[in-house]
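The lines below spell out each chain.
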Amino acid sequence: MNTDFIKELNIEMLIKIKESTFDGRGYLNLERYLTTDIDTINYRLDALSDLLSDRTFFYAMQEIMPQISMLQELRQFSAMARDDIENLYSVRDLNTYIELVEYLYTNLNKYQLNSAMFSEIKKAVNEIHSSDEYEGIKAKLPENMQLITELKSITIGVNIDAAMRPIESGIVSLNNEVFVSGNVIDKLFRLDMSDNPYECAAPLSVPPKIFTKEEKQLFESTVNTAVHKLLRSSLKSWKPTVKAYSESKINFLMRYYENLRFLVAAAEFFYTLKDMNYPVCRPKVCSKEEKKCVLKEIYYPEFVLYNNHMKGNDFSFDENGMIYIFGGANGGGKTLFARSVAICQALFQLGLYVPAEYAELSPCDEILLHFQKKNNDVSQSRFMEECERISKLMKYAGEYSLVVCDEALSGTNGTEAVPIAEEVLKAMSAKGCRGIFITHVHEIGNSADIINGLDFCKSKIDHLTVLTDERTGNRLYKVVRNHPDGKSDASFIAKKYGLDFETLMRGEIK
């Protein structure tokens, strides 16, 4: 599936991850979650419904996500570690593991959970919590574990020669207090002579800012090797506990981590919309072959999140209209409407709720969008650039594709735009696509009856327009299934700017 629509609809800015990953970057690869599989969509919708049915449960899952993330990162470090410090990493993970199990056991048993995902996690956590293995892990944690879990800093001693080259180094102490930044000169100027053994003589530096990723891993490995040697004798007595940990069922949680991370972020997005009194709904999932799309009171979430009010509209595809030529008054909300339809389809295929009061949707194998872009290539006209983009887009189009073209071919005049638009619309119909074709060229609308009468027409073409107040010409931002009246809009614009015949003849200044 072509995934350009994710950036085009700015979905990455709507569903965001807050915690950092082990390499210091928060990210969510939405492309990984796109699917046309109905079972997968329903599986995620069920889990999301659990999160959205009880806000306290959502908060509980949101709160624990950084800890699950940290456990995953610790295990990644452990997997990269050499054998001589692997035990040290595992021991450090034990408390995190126990805290997670206890937290999940308490919270998952508080709520009525209906989804397969949360039911599976709850069952696994309950089995772990009641197992002899888990009780053994808790019982066998040695007192020295406190030193590892509360370890905040390490004092390192380095001997140097006359050229300030390090010749020897070693760990002086393991501390449960953190070092703080300091500066000898500043201390003298402040006349602050207090003796703080944890104040550095120079400001502290963050390893990622002074080391490359490889150097940082080498630095961590070196320090942990030294700590391991210091605690070698104690670690020997921890081996049974470490072995029990490594054989525990904590891996089950990692299998759900990516879906949890994704769905918790999505739930936060939908709660934000609900708090703004905009509807969100669980779509009814239909088969791909039905080509179903019924949407009630849709809106474009990115637009409303910036405190812009948007009226909801209805939309559907059916046997008499699988492709719509969308015309009407400029500034009437055609682009926002088209984006609203597209994002409903996109969120649905991520297995999520949609910004609507009601929805029935079938998966598409492609979501293909053509919206206006600034042409930065001075050697290429806007018209040529549009032709190239539409040509590439149509190569992906097929019977189960959604195609949305916004003001396509607007870089040329109507004489050139009409025949090219007709060819594109004929291709969309012949391929059996679903689509919206927004145009300011009124004559393109006349192509519908011609194309619908062709033998190879699979998708019937109908019309959409935006209503205006007939008396004032004001935009009503209401989309209806009707042929646009281009003349009435042009007449209103002519009157507004004093270009109607009567005003021009009177010579009045508007």
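Every chain is numbered independently, its residues counted from 1 as its sequence is written. Selection of residues for local features in this predicted model requires a pLDDT of at least 70, selection of side-chain atom pairs for listing and counting requires 80 or more, and totals for whole chains, interfaces and linings are taken over all residues. For side-chain calculations, the full set of non-hydrogen atoms in the structure is used, while hydrogens and water are omitted.

### A short note on the sheet that holds strand S3 (residues 284–285)
If DSSP finds at least two bridges between two strands, the strands pair. Going along the chain from the N terminus, every DSSP run of H or I of four or more residues is numbered as a helix, and every run of E of two or more is numbered as a strand. In space, the four strands of this open sheet follow the order S3-S7-S4-S5, with mixed pairing throughout. In the strand order of this sheet, the two ends are held by S3 and strand S5 (313–316), each with one partner. As judged from the three bridges shared by strand S4 (residues 293–298) and S5, these two strands associate in the antiparallel manner. Within S5, the position partnered with Ile 298 by the bridge is Asn 313. What makes two residues a contact is simply this: any of their non-hydrogen atoms within 4.5 Å. Note on method: axes are straight lines fitted to C-alpha atoms, helices fitted across the in-contact stretch only, with angles between N-to-C directions ranging 0 to 180 degrees. On the sheet, helix H14 (residues 334–348) packs against S3, S4, S5 and strand S7 (358–361) and is oriented at approximately 120° with respect to S4.

### Details of the pattern of salt bridges
The salt bridge definition used is simple: a Lys or Arg side-chain nitrogen within 4 Å of an Asp or Glu carboxyl oxygen. All chains considered together, the criterion is met by 13 salt bridges. One salt bridge in this structure joins Arg 32 and Glu 258, with 3.9 Å as the shortest N-O distance. You can see Arg 32 sitting in the loop between helix H1 (4–8) and helix H2 (38–53) and its partner Glu 258 sitting in helix H12 (residues 251–275), a full 226 residues away along the chain. Owing to a relative accessible area of 22%, Glu 258 belongs among the partly exposed residues under this scheme. Taking the shortest distance from any N to any O, the salt bridge between Asp 462 and Arg 481 comes out at 2.7 Å. Placement of Asp 462 in strand S11 (residues 461–468) and of Arg 481 in the loop between strand S12 (475–480) and helix H18 (486–496) is noted, with a sequence separation of 19 residues between them. With a relative accessible area of 37%, Arg 481 lands in the partly exposed category. Here the salt bridges do not stand alone but share partners, grouping Arg 32, Glu 258 and Arg 261 into one network. For each residue, the accessible area found with a 1.4 Å probe, counting protein chains only, is set against the maximum for its type, and the residue is called buried under 20%, exposed over 50%, and partly exposed in between.

### Thoughts on the sheet that holds strand S8 (residues 366–370)
Read from one edge to the other, the open sheet built from six strands follows the order S8-S9-S10-S6-S11-S12, with strand pairing classed as mixed. The open sheet has two edge strands with one neighbour each: S8 and S12. Taken over all neighbouring pairs, the strand axes of this sheet differ in orientation by 15° on average, direction set aside. Sheet topology note: the strand S9 (residues 401–405)/strand S10 (residues 434–438) ladder contains four bridges and is parallel. Bridged to Val 404 within S10 is Ile 436. Across the sheet, H14 touches strand S6 (323–328), S8, S9, S10, S11 and S12, and the angle it forms with S10 is around 160°.

### Looking at the pairing of strand S1 (residues 153–160)
Of the pairings in the sheet, the one linking S1 to strand S2 (residues 166–175) comprises eight bridges and is antiparallel in character. Note that in S2 the partner of Ser 153 across the bridge is Asn 175. In this antiparallel pair of consecutive strands, S1 and S2, the connection spans five residues, and Met 164 shows a positive phi of 65°.

### Observations concerning the packing of aromatic side chains
Any aromatic ring pair is given by two values, namely how distant the centres are and how the planes are angled relative to each other. Two rings belonging to Phe, Tyr or Trp (six-membered ring only in the last case) form a pair when the distance between their centres is within 6.5 Å. Interplanar angles under 30 degrees mark stacking, angles over 60 mark edge-to-face geometry, and anything in between is tilted. For the structure shown, the criterion picks out 13 aromatic pairs. Taking 5.7 Å as the distance between ring centres and 75° as the angle between the ring planes, the aromatic pair formed by Phe 315 and Phe 337 counts as edge-to-face. Taken as a pair, Phe 315 in strand S5 and Phe 337 in helix H14 lie far apart in primary sequence, 22 residues in all. Phe 337 sits in the buried class, given a relative accessible area of 2%. Among the aromatic residues, those joined into a ring-pair cluster are Phe 315, Phe 317, Tyr 324, Phe 326 and Phe 337.

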